[in-house]
Amino acid sequence: MGKNIVLIGFMGTGKSTIGQRLARKLGMIFVDTDREIEKITGMTVAEIFRKHGEKRFRSEEKLLAHKLAQREGLIISCGGGMPLDPENMKVLGENGVIIGLKASPEDVFRRVMRKRHHRPLIDRELTLERLRAMMAEREKYYQCAHITVDTSTHGIEELVHKIILNLK
Ligand code: S3P
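Residues numbered from 1 in each chain as written. Predicted model: local features only at pLDDT ≥ 70, side-chain atom pairs only at ≥ 80, totals over all residues.

Undergrad: I'm lost on the site of the ligand in this one. Help?
TA: Around the ligand, the neighbouring residues are Met11, Asp34, Val45, Gly79, Gly80, Gly81, Arg119, Pro120 and Leu121. Among the residues making up the shell around the ligand, the classes are represented as four nonpolar, three polar and two charged. (Near = placed C-beta within 6 Å. Nonpolar A, V, L, I, M, F, W, Y, C, P; charged D, E, K, R; others polar.)

Now the structure itself:
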């Protein structure tokens, strides 16, 4: 088993969808860091934020990044905030290729509003303008990706193919 494939990007850019498709195609194991943290803590991401605060969630993310970096053959779909701590990307990047995902603010808005109950950083008052600002603030953190693909302008199969070609 080779290195891991690490997917990063803003909420709603398609990390889980692309990740699961890649895992099936490459015979690798899919890991979603949010779901993993929920298993480890026995709480949902929303509960961790509500009961213990964002700081606690970020420290769970950091512990998990170190743990996953020691394994191989994983497709790791990172929570949108994982790259906020550069150390997370350093350890994950040492044992994996980092793929960035992006999408238009309009698509992200539609996707995140659908599942906003699971996303503590998204509230019902969110506007497209506010989302644009959040995405712009985050942009620099996603620049550590080796390649970045756009899920607004390209279909899933095409992107999965492109990512696989880039691994060689
Ligand atoms: C977050 C993104 C979420 C989740 C948490 C915080 C962020 O993951 O980790 O709500 O800070 O961008 P998704 O990108 O899978 O929605």
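Undergrad: Teacher, can you tell me more about the UniProt feature "binding site: Mg(2+)" (unreviewed entry) in the protein here?
TA: Under the UniProt annotation, "binding site: Mg(2+)" (unreviewed entry) lies at Ser16. With respect to the secondary-structure elements, serine 16 resides in helix H1 (residues 15–26). Among residues more than four places away in sequence, those in contact with serine 16 are Asp32 and Ser77. (UniProt positions renumbered as here; feature names shortened; annotations may be inferred. Helix = DSSP H or I, 4+ residues; strand = E, 2+ residues; numbered from the N terminus. Contact = placed C-beta atoms within 7 Å.)

Undergrad: Help me understand the sheet that holds strand E5 (residues 147–150) in this model?
TA: Here we have five strands laid out as an open sheet, ordered E2-E3-E1-E4-E5, and parallel in their pairing. Lying at the two open borders of the sheet, with one neighbouring strand each, are strand E2 (29–32) and E5. Strand-to-strand twist across the sheet, computed as the mean angle between neighbouring axes with direction ignored, equals 25°. One ladder, built from four bridges, connects E2 with strand E3 (residues 74–77); its direction is parallel. Across the sheet, the residue bridging to valine 31 is isoleucine 76, located in E3. Sitting on the sheet, H1 touches strand E1 (4–9), E2, E3 and strand E4 (96–102), and the angle it makes with E3 is about 175°. Against the sheet, helix H2 (residues 33–41) contacts E2 and E3, and its axis sits at roughly 75° relative to E2. (Pairing = 2+ DSSP bridges. Axes fitted to C-alpha atoms, helices over the stretch in contact; angles between N-to-C directions.)

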